[in-house]
Amino acid sequence: MTLEHHVTNLCRSANCQLRKISQMRKYLDSKSCEILVHAFITSRLDFLNSLLHGLPESAIQKLQKIQNTAARIVKRKGRNCHITPILKELHWLPISSRIQYKLLLLAFRAYALGEPKYLSQLLLPYIPTRPLRSSCKSYLSVPKLRLKTYGCRSFQYCASSLWNSLPDDLRACSQLSVFKGLLKTHLFNTAYT
C-alpha cells in the first residue's frame, strides 16, 4: 500500500467520524466538540505524519480539507466561510506545517539530545573545510542527491534541510519544552503571514 492509498483511507475514515460529530454538534458546547475533534480527527492526522513529507500537494490538500471541515464544525461555520481566520482562532497549524513540526521535533531530539540513537547517527553537524562565520551556527550536513525522487523524502535529507532553514535562535535552543514553543510560534507565524 502506497502513502497515497494511506491518505485516501485516512480521509475516508476521518470523514465518517466528522459526519458523526457534526450530527452531535447541536448537543455539544464548543470545548467538548474540540475535545472530540482532537480525539478522533487530529490524532489520526498527526499519527506518523512525518512520513508524509514530500508527498504530492494533492495528497496533503486532502488532509487539509479534513482539518478545515473539523475547524468549521468546532466553530459552527458554513462551507462558504473563509478558513484561515478560523484556523488562526483555534491556533491550529496547517497540515504541511504539522508535518514540518513533527520532523523538526524528531531532528531536535536526535541532534541536540542524541535520542533515539539510530536517528542521531543520521544527522551530522556541518563542518566547513575552511573557517567561516556559519561554522558556529549549528547547521546540519545535507547529503547530496543524484536524483531528486525518493531520496529527498529520506529523514536524513529532509530533517537536515528543514533544520538549516530555521532561525538561529531556534537552532541554538537546548531545552525541549522551549524548543517546542518557539517552533510552533515560528511555524504559526510562517503559515499565517
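About the thresholds
- Every residue gets a number counted from 1 within its own chain, in the order that chain's sequence is written.
- Where totals are concerned, whole chains, interfaces and linings use all residues; where local detail is concerned, this predicted model gives features only for residues with pLDDT of at least 70, and gives and counts side-chain atom pairs only at 80 or more.
- Each side-chain value is worked out from all heavy atoms of the structure, with water and hydrogens disregarded.
- Here the aromatic set is Phe, Tyr and Trp, taking the six-membered ring for Trp, and pairing holds for ring centres within 6.5 Å; pairs whose planes are under 30 degrees apart are stacked, those over 60 apart are edge-to-face, and all others are tilted.
- Secondary structure elements are defined from DSSP: runs of H or I of at least 4 residues count as helices, runs of E of at least 2 residues count as strands, and each element is numbered from the N terminus.
- Whether a residue is buried, partly exposed or exposed follows from its accessible area with a 1.4 Å probe, protein chains only, as a fraction of its type maximum: under 20%, in between, or over 50%, in that order.
- Take the residue count of a helix, subtract one, and multiply by 1.5 Å to get its expected span.
- The contact criterion used is simple: two residues touch if any of their non-hydrogen atoms lie within 4.5 Å.
- In this description, a line fitted to the C-alpha atoms serves as the axis of each element, helices being fitted only across the stretch in contact, and the angle between N-to-C directions of two axes falls anywhere from 0 to 180 degrees.
- Angle categories are assigned with fixed cut-offs, so that under 35 degrees is roughly parallel, over 145 is roughly antiparallel, 65 to 115 is roughly perpendicular, and the rest are oblique.
- Throughout this entry, Asp, Glu, Lys and Arg are counted as charged residues, while Ala, Val, Leu, Ile, Met, Phe, Trp, Tyr, Cys and Pro are counted as nonpolar. The remaining residues, Gly among them, count as polar.
- The criterion for a disulfide is a pair of cysteine sulfur atoms lying within 2.5 Å.
- When a carboxyl oxygen of Asp or Glu lies within 4 Å of a side-chain nitrogen of Lys or Arg, that pair is called a salt bridge.

## Considering the packing of aromatic side chains
(1) Moving on: Considering all chains together, one arrives at five aromatic pairs under this definition.
(2) Moving on: On the basis of an interplanar angle of 10 degrees and a centroid distance of 4.3 Å, the ring pair of phenylalanine 108 and phenylalanine 179 is categorised as stacked. Of this pair, phenylalanine 108 sits in helix H5 (residues 95-111) while phenylalanine 179 sits in helix H9 (residues 176-191), placing them 71 residues apart in sequence.
(3) Moving on: Among the residues examined, phenylalanine 108 registers a relative accessible area of 0% and is labelled buried.
(4) Moving on: By way of ring pairs, the aromatic residues Phe108, Tyr111, Trp163 and Phe179 are connected into one cluster.

## Focus on helix H3 (residues 57-75)
(1) Moving on: Spanning 19 residues, H3 covers 26 Å between terminal C-alpha atoms, matching the ideal 27 Å at 1.5 Å per step.
(2) Moving on: Among all positions in H3, only Ala59, Ile60, Leu63, Gln64, Ile66, Gln67, Asn68, Ala70, Ala71, Arg72, Ile73 and Val74 are buried.
(3) Moving on: Packing partners of the buried residues in H3 comprise helix H1 (3-24), helix H2 (30-46), helix H4 (83-90) and H5.
(4) Moving on: Taken from the residues just after H3, arginine 76 is the one with a positive phi, measuring 55 degrees.

## A short note on the packing of H5 against helix H7 (residues 155-164)
(1) Moving on: Relative to each other, H5 and H7 sit at 95 degrees, their axes nearing to 9 Å. In terms of axis orientation, H5 runs roughly perpendicular to H7. Facing H5, whose interface residues are Gln100, Leu103, Leu104, Leu106, Ala107, Phe108 and Tyr111, H7 presents Phe155, Cys158, Ala159, Leu162 and Trp163.
(2) Moving on: Here the residues of the contact of H5 with H7 sort into eleven nonpolar, one polar and no charged.

## Let's talk about the state of the cysteines
(1) Moving on: Under the definition given, this model contains zero disulfides.
(2) Moving on: Of all cysteine sulfurs, the one in cysteine 11 lies closest to cysteine 16, which takes part in no disulfide; the gap is 13 Å.
(3) Moving on: Judged by its relative accessible area of 29%, cysteine 16 falls in the partly exposed class.

## Section: the pattern of salt bridges
(1) Moving on: Going through the model one piece at a time under the given rule, you end up with three salt bridges.
(2) Moving on: In this structure, aspartate 46 and arginine 98 form a salt bridge, with 2.8 Å as the shortest nitrogen-oxygen distance. Placement of the pair is aspartate 46 in helix H2 and arginine 98 in helix H5, with a sequence separation of 52 residues.
(3) Moving on: The partly exposed category is assigned to aspartate 46, whose relative accessible area is 22%.

## Quick look at the environment of lysine 117
(1) Moving on: As for its position among the elements, lysine 117 is in helix H6 (residues 117-120).
(2) Moving on: For lysine 117, a relative accessible area of 57% gives the class exposed.
(3) Moving on: Sequence spacing of lysine 117 and arginine 12 is 105 residues, and the spatial spacing of their C-alpha atoms is 36 Å.

The values reported here are purely geometric and, on their own, carry no functional implication.
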